[in-house]
Amino acid sequence: MPLHDVGMRENELAVLSSCLVDPDAVRVLAPVLDVEDFSEFRHRLLWACFLDLYGRRVRVDFVSVVNWLESHHRLEEITVEYLAEVRDYLENAGIESTADAPIWAEQVVEAAERRRLVQLAGEIADGVLINASHPKDFEVAVKQIEKGASKAGRSMDEIDVGAYTSFSIDKN
């Protein structure tokens, strides 16, 4: 998986959309996903909302989520318009079922683990070698390394960061 795709935004949206359209999705996904597994702040906030509602045995749907966001003074951060985009994501993407939600959730978890590993490198490693097969890989990785270094009270000057890529050349 390319590092620049660490957020796997589409999988996050598919998971969240599943929860808004399928009353059973949160029950299935709650044991798998943590709030911090989501790369975007708005997605972390929505997942925290879903978990809170589910934990209080409140059905997760558009209205209950809007009410939760209003009562927690967080509606400005999500907006009703964005919540509607999330709810409609599967339909707009031509996905007719939430049956793949566990697979999407697994992919969100895997992306989160990759982010955490790169951050850990920033916390403890002397150097990091990045497979930069896409130009954005390096940019994304450096941000994660900086986050880890900051967490450990380290300077980026203490960490050697390099990248490699592979390619082939042919006569044609």
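Residues numbered from 1 in each chain as written. Predicted model: local features only at pLDDT ≥ 70, side-chain atom pairs only at ≥ 80, totals over all residues. Heavy atoms only, no water.

Participant: I'd like a rundown of the environment of D126, residues and numbers included.
Facilitator: Relative to the elements of secondary structure, D126 occurs in the loop between α8 (101–124) and β1 (127–131). Sequence separation of D126 and I95 is 31 residues, and the distance between their C-alpha atoms is 44 Å. Excluding residues within four positions of it along the chain, D126 makes contact with R154, E158, I159 and D160. (Helix = DSSP H or I, 4+ residues; strand = E, 2+ residues; numbered from the N terminus. Contact = heavy atoms within 4.5 Å.)

Participant: Help me get a handle on a nonpolar patch on the surface, residues and values and all.
Facilitator: Taken together, the side chains of L117, L120 and I124 define a hydrophobic patch exposed on the protein surface, amounting to about 310 Å² of accessible area. With respect to the secondary-structure elements, L120 resides in helix α8. (Patch = residues over 30% accessible without salt bridge, like charges linked within 9 Å, V, L, I, M, F, W, Y side chains within 5 Å. Areas by Shrake-Rupley, 256 points an atom, 1.4 Å probe, with all protein chains shown as cover. Salt bridge = Lys/Arg side-chain N within 4 Å of Asp/Glu carboxyl O.)

Participant: Hey, could you go over the pattern of salt bridges for me, with residue numbers and the actual values?
Facilitator: Inspection of every chain in the model, using the stated rule, returns eleven salt bridges. When the shortest N-O distance is used, the salt bridge between K151 and E123 registers 3.7 Å. Highlighted residues: K151 in helix α9 (residues 135–151) and E123 in helix α8, separated in sequence by 28 residues. Owing to a relative accessible area of 65%, K151 belongs among the exposed residues under this scheme. The class for E123 is partly exposed, based on a relative accessible area of 21%. One network of salt bridges, with partners in common, ties together R9, E40 and R42. (Buried < 20%, exposed > 50% of the residue type's maximum accessible area, 1.4 Å probe, protein only.)

Participant: Lay out α9 with the relevant residues and their values.
Facilitator: Residues that lie three or four places apart on an α-helix share one face, since the helix turns once every 3.6 residues. For α9, which comprises 17 residues, the first-to-last C-alpha distance of 26 Å matches the rise-based estimate of 24 Å (1.5 Å per residue) to within 8%. Listed in full, the buried residues belonging to α9 are D137, V140, A141, V142, Q144, I145, G148 and A149. Packed against the buried residues of α9 are α8, β1 and β2 (160–164). G153, located one to two residues past α9, shows a positive phi value of around 70°. (Expected span 1.5 Å × (residues − 1).)

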